[in-house]
Amino acid sequence: MNIKYVYFDCWDTLIKFRLKSSDNIFECFKPHIKNIDSIDIHSAETIFHNFHKKYYSTIRGYELTYKVFCKAQMNLSGIELDIDLDNDDELEAFQLELLEKYYDPIPTDGIICFLDYLKSNGIRMGVISNTIYTKKFTRAAIEKGLAISAKEFDSYFDFIIVSSEEGLKKPNPDFFRVGMRINGCKNPSEAIYIGDSPYADVYGSYQANMNPCHFNWRENYIDELDKLNGLIKFKDYKEMIDLFKQDKDYIVSTENGIVMEVSGDVYWFKNLLWKT
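What you see is a predicted model, and the numbers here were worked out from it, not measured in a lab.

Bringing the overall build of the protein into the picture now. Counting secondary structure elements, the protein contains 11 helices and 12 strands. Taken over 276 residues, the protein has a buried fraction of 52%. At a minimum sequence separation of 6, the contacts of the protein that also span at least 24 residues come to 65%. In the form shown here, the protein has an accessible surface area of approximately 13200 Å², with 48% of it arising from carbon and sulfur atoms.

Here's what the structure looks like:
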């Protein structure tokens, strides 16, 4: 395996993104609703959540900007905000306010050790993520979740691209190709893409001819993924470090995992699936 590039999904792959309290995301908007006393707030909240649900369950391949996304929600629900959605600076400040006041991102288990391992071995890294939020917000969320500085972020990642600013969205293979082009990956077989979504991350990166890697910590693996040659499945980043450390001669599939023979020694990885 001649891997020179590793690309990551953001949400639930690099960081787990969660609210600080049990309040839903609509509560984050309430302090900025100007006409809260003149609308049916319960009806507005229902419309707000239904829009979220339908958008994320139906839109594939392309993404709205955060501005358009918010405008659609507000227009449908009859909400007027004290934020000028056409003012990029105000909208960016609002997103960062949400991150600071309401969100509490945390690192996925073992991710820092894996990033350090890749960096120390000269592996180039980048972030290719679906999100309605801006790149600035997404980067700030990663820095907050991983508890790293902007300088440390740049020491790990060559770049970050987000679907809201590119217009493309996973599983569209062109979105992955944009990322590879940015840091000079001309051969997708030299790249691994790691994500938690079987469809957006695994199938999408496979269609872009990358080596797909399913971070299965949520145990959302689907049997259809068995059809993909070269699939890596793992639940703990320690497994990925072990995989990179091995100079594999060949791999033999079994029903419950794989038997890997490396220089005459046999290793057993119960939770890792790799097909050739």
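Detailed reading of the predicted model is not advised wherever pLDDT is low. Chain-level statistics for the protein give a pLDDT mean of 88 and a share of 89% at 70 or above. Per-residue pLDDT stays below 50 along residues 247-276; that stretch engages in 68 contacts with residues further than four places along the chain or on separate chains.

Attention now goes to helix H5 (residues 111-120). Residues Ile-111, Phe-114, Leu-115, Tyr-117 and Leu-118 constitute the buried set of H5. Relative to the axis of H5, the buried residues are bounded by an arc of 160° and lie together on one face. Exposed residues on H5 whose side chains face more than 90 degrees from its buried face are Cys-113 and Ser-120. Gly-122, located one to two residues past H5, shows a positive phi value of around 75°.

Here we take up the nonpolar core. Within the largest apolar cluster, 62 residues are counted, with the highest numbers of intra-cluster contacts made by Val-6, Phe-8, Phe-114, Ile-194, Met-240 and Phe-244. Residues within four places of Phe-244 in sequence aside, it is in contact with Ile-3, Val-6, Phe-114, Tyr-117, Leu-118, Ile-123 and Ile-192. Ranked by size, the runner-up nonpolar core spans 15 residues in total, among them Tyr-5, Phe-159, Leu-168 and Phe-176.

A few words on the packing of aromatic side chains. What the rule picks out here adds up to 28 aromatic pairs. With centroids separated by 5.1 Å and ring planes inclined at 75°, the aromatic side chains of Tyr-55 and Phe-69 adopt a geometry described as edge-to-face. With Tyr-55 in helix H2 (residues 41-58) and Phe-69 in helix H3 (residues 66-77), this pair connects stretches of sequence that are 14 residues apart. With respect to burial, Tyr-55 and Phe-69 carry one shared label: buried. Following the ring pairs from residue to residue traces out a cluster consisting of Phe-8, Phe-114, Tyr-117, Phe-153, Tyr-156, Phe-157, Phe-215, Trp-217, Phe-234, Tyr-237 and Phe-244.

Here the focus is unusual backbone geometry. Of note, the bond from Lys-170 into Pro-171 is cis; its omega dihedral lies within 30 degrees of zero at 15°. Positive phi, normally seen in glycine, also occurs at Ala-147, with a value near 55°. Within the secondary structure, Ala-147 sits in the loop between helix H6 (135-146) and helix H7 (150-156). For Asn-209, which is not glycine, the phi torsion reads 70° and is therefore positive. Residue position: Asn-209 is located in the loop between helix H10 (198-207) and strand S7 (211-215).

For the rest of this paragraph, the subject is the packing of H5 against helix H11 (residues 237-245). The relative placement of two packed helices is expressed as an angle between their axes plus a distance between the axes. Relative orientation of the contacting elements H5 and H11 amounts to 20°, with a least axis distance of 8 Å. Put simply, H5 runs roughly parallel to H11. Considering only the axes of H5 and H11, their crossing is left-handed. Residues Ile-111, Cys-113, Phe-114, Tyr-117 and Leu-118 of H5 pack against Tyr-237, Met-240, Ile-241, Phe-244 and Lys-245 of H11.

Counting buried positions along S7 yields 5 of 5 residues, so the element is predominantly enclosed. Judged by which residues are buried, S7 turns out to be covered on both faces: Asn-211, Cys-213 and Phe-215 on one side and Pro-212 and His-214 on the other are all buried. Looking at chain direction, strand S6 (residues 191-195) and S7 are connected through 4 bridges and run parallel. Each residue of the ladder has a partner; that of Gly-195, found in S7, is His-214. Considered for its hand, the β-α-β crossover made up of S6, H10 and S7 is right-handed. In this structure, S7 lies alongside strand S8 (residues 232-234), joined through 3 bridges in parallel fashion.

Assignment of secondary structure puts Glu-45 in helix H2. For the buried Glu-45, no salt bridge exists, and the shortest N-O distance to an oppositely charged side chain is 5.0 Å, to Lys-30. Discounting residues that sit within four places of it in the chain, Glu-45 has contacts with Asn-24, Phe-26 and Glu-27.

Rules used throughout
- Residues numbered from 1 in each chain as written.
- Predicted model: local features only at pLDDT ≥ 70, side-chain atom pairs only at ≥ 80, totals over all residues.
- Heavy atoms only, no water.
- Helix = DSSP H or I, 4+ residues; strand = E, 2+ residues; numbered from the N terminus.
- Buried < 20%, exposed > 50% of the residue type's maximum accessible area, 1.4 Å probe, protein only.
- Contact = heavy atoms within 4.5 Å.
- Areas by Shrake-Rupley, 256 points an atom, 1.4 Å probe, with all protein chains shown as cover.
- pLDDT = per-residue confidence, 0-100.
- Arc of directions from axis to C-beta.
- Core = buried A, V, L, I, M, F, W, Y, C linked by side-chain atoms within 4.5 Å.
- Phe/Tyr/Trp six-rings, centres within 6.5 Å; stacked < 30°, edge-to-face > 60°.
- Axes fitted to C-alpha atoms, helices over the stretch in contact; angles between N-to-C directions.
- Parallel < 35°, antiparallel > 145°, perpendicular 65-115°, else oblique.
- Left-handed = near helix turned anticlockwise from the far one by under 90°.
- Pairing = 2+ DSSP bridges.
- Right-handed = clockwise from strand over helix to strand, strands pointing away.
- Lys, Arg positive; Asp, Glu negative; His and termini not counted.
- Salt bridge = Lys/Arg side-chain N within 4 Å of Asp/Glu carboxyl O.

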